[in-house]
Amino acid sequence: MSATPSFLGQRAVILHRRSDATASLARCCNLLGIRAEIRWQPLRADEGVDIVFVDADEGWDGLLPWTAPDKPIPLVALLGSEAPGRIAWALDQGADALIMKPVVSSTVFPALVMAARRHAEGREIARRIARLEERVRLRPLVHAAVQSLMAGDGCGEEEAYDALRREAMQRRITLEQTAAALLVRPRKQVG
Amino acid sequence: MKTLRLGILFSTYGDYGALARDCRDGAMTAIEDLRGAASIAIEPIPGDPAGSSERYIELARRMVQQDGCRHVIGTVTSQARKDVIPVIEKHDALLWYVCPYEGFEANPSVIYAGACPNQHLLPLFEYMLPTFGRRVYLAGANYVWGWEMNRLAREIVTKADGEIVGERCLPIAETEVERLVAEVAARRPDFILSNMIGPSSHAFLRAMSELGRRDPAFRPDRCPVVSCDLTECELPELGNGVADGQLAAASYFDSLDTPLNRVLKARVAARFGPARRVSSYFATSYAATRLCVEAVSRCGTDDPIEVRSALAGIDMPSALGSLRIDPATNHADLPFLLGRIAGDDFVILQSRPQIAADPYLTRSRPTLQARSAPSQLRVVS
């Protein structure tokens, strides 16, 4: 079941010169219970904003306090131009959704829902990649721990690996952490 | 300005025909009543797109481009409304929409006089869940109205610790309802939400009536079918007593006993004969048309921007109660009524005063609570 999306009480900054587009956008934000501030000055990282809309037609590097991979909140680009350079700029900022100008009211809510979802998915993917990268990085440790168990207990590779995994599960830590622990303490505690 | 040209755009054939005829008749009756009474002359420009998307767009375009209409009262389905809106926007006109719908829209170029879910579905479930139980079956038409109403109902019921015991959507004109009814009979819900429409809904209500005769557990007093779109205008078509005891939510019923409704009913009886019942479609269209004319008269121009801002200051008495358009959402504040079908009429079981529309459910979250927790609906009187 898809829950009804809610933006109630969120704070948005619209980085855009005041215009029909910002008036239309501000009206929609108000309907959705979002407090929106319109301004044409750089955003700081510590402003406690929940959503950013940015003018991709005239936006410049430095308008946003982050680069795409570290973007901490959903970003919606406002675009009138079809110039590839401007589309690329929006993508480089990490835009999660696009609203074309002139801003038609029916496009705002869908763009917000999509941006929030895409942003959350992006964050989740980034977290998962970070976890996997750490596991890949620590793989030699697991190998070393298995070798150490095999040498100490005279067991086969599979048995040693199983013992390591069992302990990881019992202690509810990762295999890599178990391996690291094993390599710095007497091995008879394991298995 | 001398003459207000009002586009009347309804498709009176097909599955939604009965609803659209009531919408059209409501608007036309209002225009007749205002002839001579209003400070401006009104010329209706009718158009019937016969259910075709292309014809909707073509007729809307002709109304605003050639016939000089800056206000169009029209469309029943959300699809038709979405088809017409770009034409309206492009020519800076105003569309007056008079039907209940699934919400999640607040276009500046549209005045929404019909109810959205916080004005129909949410209060309906606030009544149904404690009264009949929390095991609910969802039946809908395969169309955005059915899908979105079912989605919302599921959200409400789940949050109230209830259970959706089954859900089935049929093609819009489908009248083969055997599987649906067999599933209802097997799952034994406490009540059924039906978002079906026209012939499909009629076939379902007939089959439920049959099922109720075979098994008293499915009689309407124990397992009712409720809807947010069934009105008086479909009851004659349904046949005598088939839907008796079933329930519907609306912002108006013919049986409302108020001075203004007595006037409206007398007028309708004089024009259409004593058997004709007034539905919420008729009454809303009638009231919205009068509101449009009132706003234009006050402005002295039909300029949609001026009319929209004039609307903010108007609180017009109508058969639906005091009709006011919220300038933030362009939606009407509407009362909630729950009716039980008895012959050609609805017996009003429950009523709530005017509720401000919340088309994006920003304030009235569907957080219906388990059992005794208090209501979180925002009721504005």
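Procedures and definitions
- Residues numbered from 1 in each chain as written.
- Chains lettered and ligands numbered in written order.
- Predicted model: local features only at pLDDT ≥ 70, side-chain atom pairs only at ≥ 80, totals over all residues.
- Heavy atoms only, no water.
- Patch = residues over 30% accessible without salt bridge, like charges linked within 9 Å, V, L, I, M, F, W, Y side chains within 5 Å.
- Areas by Shrake-Rupley, 256 points an atom, 1.4 Å probe, with all protein chains shown as cover.
- Salt bridge = Lys/Arg side-chain N within 4 Å of Asp/Glu carboxyl O.
- Lys, Arg positive; Asp, Glu negative; His and termini not counted.
- Charge placed at Lys NZ, Arg CZ, Asp CG, Glu CD.
- Helix = DSSP H or I, 4+ residues; strand = E, 2+ residues; numbered from the N terminus.
- Buried < 20%, exposed > 50% of the residue type's maximum accessible area, 1.4 Å probe, protein only.
- Arc of directions from axis to C-beta.
- Contact = heavy atoms within 4.5 Å.
- Polar contact = N/O pair within 3.5 Å; in protein donor to acceptor, adjacent residues only side chain to side chain.
- Pairing = 2+ DSSP bridges.
- Axes fitted to C-alpha atoms, helices over the stretch in contact; angles between N-to-C directions.
- pLDDT = per-residue confidence, 0-100.
- Disulfide = S-S within 2.5 Å.
- Core = buried A, V, L, I, M, F, W, Y, C linked by side-chain atoms within 4.5 Å.
- Parallel < 35°, antiparallel > 145°, perpendicular 65-115°, else oblique.
- Nonpolar A, V, L, I, M, F, W, Y, C, P; charged D, E, K, R; others polar.
- Right-handed = clockwise from strand over helix to strand, strands pointing away.

We now examine a negative patch on the surface. Residue and element names in this part refer to chain A. A surface patch of like charges, here negative, comprises Asp153, Glu157, Glu158, Glu159 and Asp162. With four residues, the single largest contributor to the negative patch is helix H5 (residues 157–171). In this fold, glutamate 159 is placed in helix H5.

All names here are of chain B. Taken together, the buried positions of helix H11 (residues 304–311) are occupied by Pro304, Val307, Ala310 and Leu311. Angularly, the buried residues of H11 cover 120° about the axis, an arc narrow enough to put them on a single face. Residues of H11 that are exposed and point more than 90 degrees away from the buried face comprise Ile305 and Ser309. Of the surrounding secondary structure, the elements contacted by the buried residues of H11 are strand E3 (71–74), strand E4 (94–97), strand E5 (110–112), helix H10 (280–299) and strand E13 (325–326). Residue aspartate 303 occupies the N-cap position of H11, its side-chain oxygen lying 2.9 Å from the main-chain nitrogen of isoleucine 305.

A word on the sheet that holds strand E1 (residues 11–15) of chain A. Residues and elements named next belong to chain A. Reading across the sheet, the five strands line up as E2-E1-E3-E4-E5 and stay open at both edges, with parallel pairing between neighbours. With partners counted over all chains shown, the strands left at the sheet margins are strand E2 (35–39) and strand E5 (97–100), one partner each. Strand-to-strand twist across the sheet, computed as the mean angle between neighbouring axes with direction ignored, equals 20°. Pairing between E1 and strand E3 (residues 51–55): four bridges, direction parallel. Bridged to alanine 12 within E3 is isoleucine 51. In this fold helix H3 (residues 108–137) packs onto E3, strand E4 (75–79) and E5, with an angle of close to 165° to the strand it touches most, E5.

For the rest of this paragraph, the subject is the confidence of the model for chain B. All names here are of chain B. Averaged over every residue, the pLDDT of chain B is 93; the share at 70 or more is 96%. When the criterion is pLDDT under 50, residues 368–381 qualifies, and its contacts beyond four places in sequence or with other chains add up to 36 contacts. Here the predicted complex carries an ipTM of 0.82, next to a pTM of 0.88.

Cysteine pairs can be linked by a disulfide, which is a covalent bond between their two sulfur atoms. Residue and element names in this part refer to chain B. Taken as a whole, this structure holds zero disulfides over all chains when the rule is applied. There is no disulfide at cysteine 223, and the cysteine sulfur nearest it, in cysteine 228, is 16 Å away. A residue is classified by how much of its surface remains accessible, and cysteine 223, at 1% relative accessible area, is buried. For cysteine 228, which is in no disulfide, the shortest distance to another cysteine sulfur is to cysteine 116 and amounts to 11 Å. Look at cysteine 228 and you get buried, because its relative accessible area is 3%.

A few words now on the nonpolar core. In globular proteins that are soluble, nonpolar side chains generally tend to be buried together. Membership of the largest hydrophobic core comes to 160 residues, with the highest contact counts inside it found for Phe53 of chain A together with Trp96, Leu124 and Phe125 of chain B. It is H10 of chain B that provides the largest number of residues to this core, a total of 11 residues. Ranked by size, the runner-up nonpolar core spans 17 residues in total, among them Leu15, Val49, Leu63 and Trp89 of chain A.

What follows is about the environment of alanine 45 of chain A. Mapped onto the elements of the fold, alanine 45 of chain A is located in the loop between E2 and E3. With 70 residues separating them along the chain, alanine 45 of chain A and alanine 115 of chain A place their C-alpha atoms 19 Å apart.

Residues and elements named next belong to chain B. Taken in spatial order, the seven strands of this open sheet run E7-E6-E8-E9-E10-E15-E16, and their pairing is mixed. Since the sheet does not close on itself, it has two edges, and those belong to strand E7 (163–170) and strand E16 (345–355), each with one partner. Across the sheet, the mean angle from the axis of one strand to that of its neighbour is 20°, orientation sign disregarded. Both strand E15 (residues 334–342) and E16 contribute to a ladder of eight bridges, which runs antiparallel. Paired with alanine 342 across the strands is aspartate 345, a residue of E16. Against the sheet, helix H6 (residues 178–187) engages strand E6 (135–141), E7 and strand E8 (191–195), with an angle of about 175° to E7.

Moving on, we come to the packing of helix H1 (residues 17–34) of chain B against helix H9 (residues 259–272) of chain B. All names here are of chain B. Where H1 meets H9, the closest approach of the two axes is 12 Å, and the angle between their N-to-C directions is 100°. With respect to each other, H1 and H9 are oriented roughly perpendicular. Facing H1, whose interface residues are Asp25, Thr29, Glu32 and Asp33, H9 presents Arg267, Arg271 and Phe272. Classifying every residue of the contact of H1 with H9 by side-chain character gives one nonpolar, one polar and five charged.

This part is about the pairing of E8 of chain B. All names here are of chain B. Within E8, five of the five residues are buried, which leaves the element mostly enclosed by the surrounding structure. A two-sided burial pattern is seen for E8, the buried positions comprising Phe191, Leu193 and Asn195 on one face and Ile192 and Ser194 on the other. Pairing between E6 and E8: five bridges, direction parallel. Each bridged residue has a counterpart across the sheet, and for alanine 139 the counterpart in E8 is serine 194. Tracing the backbone out of E8, into helix H7 (residues 198–214) and back to the parallel element strand E9 (residues 225–227) gives a crossover that is right-handed.

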